Amino acid sequence: MDQQGQVVALLDATGSFFETARTAFPGAEEADWARASLLDPGAAGPEGTWVLDFRCFAIARPGGRWVLVDAGVGPAASPAAAWAPVPGRLPAALAEAGIDRARVEAVVLTHLHEDHAGWTSGAAGEPYFPAARYVVQRAEVAALERADPVWDWTVAPLRAAGQLHEVEGTHRLFPGITLLPTPGHTPGHQSVLVEQGDGARDVLVTGDVLVHAVQLADPAIPYSHERDRAAARASREALLARAVERNALLGTAHLTRAFVEPGQDAPPVRRPLDGGVGPAG
Ligand SMILES: [Zn+2]
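Bear in mind the structure is a predicted one, so any value in this text is a computation, not a measurement.

A. Structural context of the overall build of the protein. What the protein contains, in helices and strands, is seven helices and 13 strands. Taken over the C-alpha trace, the protein has a radius of gyration of 18 Å; the compact-globule value for 281 residues is 19 Å, and the two agree within 12%. Along the longest, intermediate and shortest principal axes, the C-alpha atoms of the protein span 60 × 45 × 35 Å. Sorting the 281 residues of the protein into buried and exposed places 54% on the buried side. Once local pairs closer than 6 in sequence are excluded, the contacts in the protein between residues at least 24 apart make up 71%. Carbon together with sulfur atoms contributes 53% to the accessible area of the protein, which is approximately 11,500 Å² in total. Within the protein, one finds 23 positive and 34 negative side-chain charges whose respective centroids are separated by 5 Å.

B. Highlighting the pattern of salt bridges. Under the criterion given, the structure shown has 14 salt bridges. For the salt bridge of E195 with R172, the shortest nitrogen-to-oxygen distance reads 3.4 Å. Of this pair, E195 sits in the loop between β10 (190-194) and β11 (203-207) while R172 sits in strand β8 (residues 171-174), and the two are 23 residues apart along the sequence. E195 sits in the partly exposed class, given a relative accessible area of 34%. On the basis of relative accessibility, which here comes to 53%, the residue R172 falls in the exposed class.

C. Spotlight on the coordination of the zinc ion. On the protein side, the zinc ion has D115 (OD), H116 (NE2), D208 (OD) and H254 (NE2) as donor atoms, found 2.1 to 2.5 Å from it. For the zinc ion, the four donor atoms are set out with angles of 87 to 160° between them, so the coordination reads as irregular. Each donor residue of the zinc ion belongs to the same chain, with the gaps between them written as D-H-x91-D-x45-H. Note that H116 is positioned in the loop between β5 (104-108) and β6 (133-137) and D208 in the loop between β11 and α6 (214-217), a separation of 92 residues in sequence.

D. Main features of the pairing of strand β4 (residues 65-69). For β4, the buried fraction is high: four of the five residues fall into the buried class. Note that strand β3 (residues 49-61) and β4 share five bridges and pair antiparallel. Among the inter-strand pairings, A60 is bridged to a residue of β4, identified as W66. What sits between the antiparallel neighbours β3 and β4 is a turn of three residues, in which G63 has the positive phi angle 75°. You can see the chain leave β4, run along helix α3 (residues 90-96) and come back into β5, and the turn it takes is right-handed.

E. Layout of helix α7 (residues 229-245). Given a rise of 1.5 Å per residue, 17 residues ought to cover 24 Å, and the 24 Å separating the end C-alpha atoms of α7 matches this to within 8%. Within α7, burial applies to A232, S235, R236, L239, L240 and A243. End-on view of α7: buried residues confined to an arc of 125°, all on one side of the axis. In this structure, α7 carries A230 and E245 as exposed residues pointing more than 90 degrees from its buried face. Between a side-chain oxygen at the N-terminus of α7 and the backbone nitrogen of A230 the separation is 3.2 Å; the capping residue is D228. Looking one or two places after α7, you find N247, whose phi comes out positive at around 55°.

Reading the values: rules and limits
- Residues numbered from 1 in each chain as written.
- Predicted model: local features only at pLDDT ≥ 70, side-chain atom pairs only at ≥ 80, totals over all residues.
- Heavy atoms only, no water.
- Helix = DSSP H or I, 4+ residues; strand = E, 2+ residues; numbered from the N terminus.
- Rg over C-alpha atoms; globule rule 2.2 N^0.38 Å.
- Buried < 20%, exposed > 50% of the residue type's maximum accessible area, 1.4 Å probe, protein only.
- Contact = heavy atoms within 4.5 Å.
- Areas by Shrake-Rupley, 256 points an atom, 1.4 Å probe, with all protein chains shown as cover.
- Lys, Arg positive; Asp, Glu negative; His and termini not counted.
- Charge placed at Lys NZ, Arg CZ, Asp CG, Glu CD.
- Salt bridge = Lys/Arg side-chain N within 4 Å of Asp/Glu carboxyl O.
- Donors = N, O, S within 2.8 Å, 3.2 Å for Na, K, Ca; no water.
- Tetrahedral: all angles 85-135°; square planar, octahedral: opposite > 155°, others 65-115°.
- Pairing = 2+ DSSP bridges.
- Right-handed = clockwise from strand over helix to strand, strands pointing away.
- Expected span 1.5 Å × (residues − 1).
- Arc of directions from axis to C-beta.
- Polar contact = N/O pair within 3.5 Å; in protein donor to acceptor, adjacent residues only side chain to side chain.

As structure tokens, this is what we get:
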């Protein structure tokens, strides 16, 4: 089991993306791909495919309680079925980690894309974590269209059950667990800072601020499915800088390694601005 202190990585699914890596990350150069393949070799599939994990994190709390960050691709009937490898195996991953879903007191949703909201509901449409409040940024709910399948799968049933908790901005969920707005991928995207004592390193759970190691090679590289590229880049650069500053590990949703260093062994190749001259070589 992959674990850093109180933070446990839970793998829901692994699969190939519906676009090639080079389509998903326009503008990445050979040096970026070379560095990415060193940082996360597992992501490079055959014929240019992007192999990605769909991961959640559980954070241990006093008294045997847990906070979950993100809810994976979900059961067979979840909205992610349109493109992601459902059903996910989160129920088995929770059992392996000794986590009873009735002891999950909060589920933080980094954003409302279908591959992060899958296990908000179980097979029968009931809230999968019966005692949890589900915590999402207000701006994320406000930006979600009613026609989006995640509305009926996640927002509507959780609201009806009184389990949807909308927060605004930086939010201290529990001591040592802080939600940080990181907009761009979606309007109300958030990441999670876990501050740990006892010699364990802090962990920054990124959500989709960072979806591929090529964005560690150069955080300026956009992802083709970001709602606002400039905002996403600013959030990514700020989050990585924060992680470096406090010597935190990154907890990633989609890299094939759960915990990665925010820094890198070689300096990034900077994107030339406005036709500027790029680096030699
Ligand atoms: Zn995602």
